[in-house]
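Chains, contacts and geometry: an overview
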Amino acid sequence: SSENKIVNNNFNNNTFGSIIVYNNSNNNLILRNNIEKDIDGYGILIEESKDNNLTENILKDNLAGIYLLKSSGNTVNKNTAKGNGNGIGGVITSKNSITDNLIRENEYGSIFYSISDSIIKRNTYFQNIKYQLSIDGDSEDNDVSGNFFL
């Protein structure tokens, strides 16, 4: 499903995932949602989809806050990820823009594996337990700059 607006919702105590966008679901707006306590799943999962906009969401106490899997061209901007397993991360992704997010007090701040041609800028990483930001695997041609590690 494409070109949907998921705006101003509260998700609490779900089991696998609160917002899941997958299988060529493109050009969706996910804005100002509050997602908490999805301890076995993803706050927001974008899988095999492109050009989605994730802005001003609050993700707290989930297995993963925001996770991009085999997805491209997504914008992840001005979100807050706090107390999650992985704040904001992804695997096999490209051409994503991850900017101006607050990523704090997670088990892992951000873990990316095989990410390419993406922008990771002006994010604030604060008191994450194991890693603030990790980029591994076959990752290449990313612009990682202007991030704050506190």
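Our structure is the block above this text.
Predicted model, so just to flag it, every value in this text is computed and none were measured.

With that out of the way, let us pick up the pairing of strand β15 (residues 108–116). Sheet topology note: the strand β12 (residues 86–94)/β15 ladder contains 5 bridges and is parallel. Along β15, the bridge assignment pairs Gly90 with Phe112. Pairing of β15 with strand β18 (residues 131–136) involves 5 bridges; the strand directions are parallel. Bridge pairing in β18 links Tyr113 to Asp136.

Tallied over the full model, the rule gives 5 salt bridges. The closest approach of N and O atoms between Asp100 and Arg122, which form a salt bridge, is 3.0 Å. With Asp100 in the loop between β13 (97–99) and β14 (102–104) and Arg122 in the loop between β16 (119–121) and β17 (124–126), this residue pair connects regions lying 22 residues apart in the sequence. A relative accessible area of 29% means that Asp100 is categorised as partly exposed. Across the pair Lys121 and Asp143 runs a salt bridge, and its minimum N-O distance is 3.3 Å. Of the two residues, Lys121 sits in strand β16 while Asp143 sits in strand β19 (residues 143–145), which places them 22 residues apart along the sequence.

Rules used in this analysis
The numbers attached to residues start from 1 for each chain and follow its sequence in the written order. With the structure being a predicted model, the display of local features is reserved for residues of pLDDT at least 70 and the display and counting of side-chain atom pairs for 80 or more, all residues being used for whole-chain, interface and lining totals. The side-chain numbers reported here are obtained from all heavy atoms of the structure, hydrogens and water having been left aside. Only strands joined by at least two bridges in the DSSP assignment are considered to pair. A run of H or I in DSSP becomes a helix once it reaches four residues, and a run of E becomes a strand once it reaches two; helices and strands are each numbered from the N terminus. Salt-bridge detection follows one rule: a side-chain nitrogen of Lys or Arg within 4 Å of a carboxyl oxygen of Asp or Glu. The buried label goes to any residue with under 20% of its type's maximum accessible area, the exposed label to any with over 50%, and the partly exposed label to all in between, with areas taken from a 1.4 Å probe on protein chains only.

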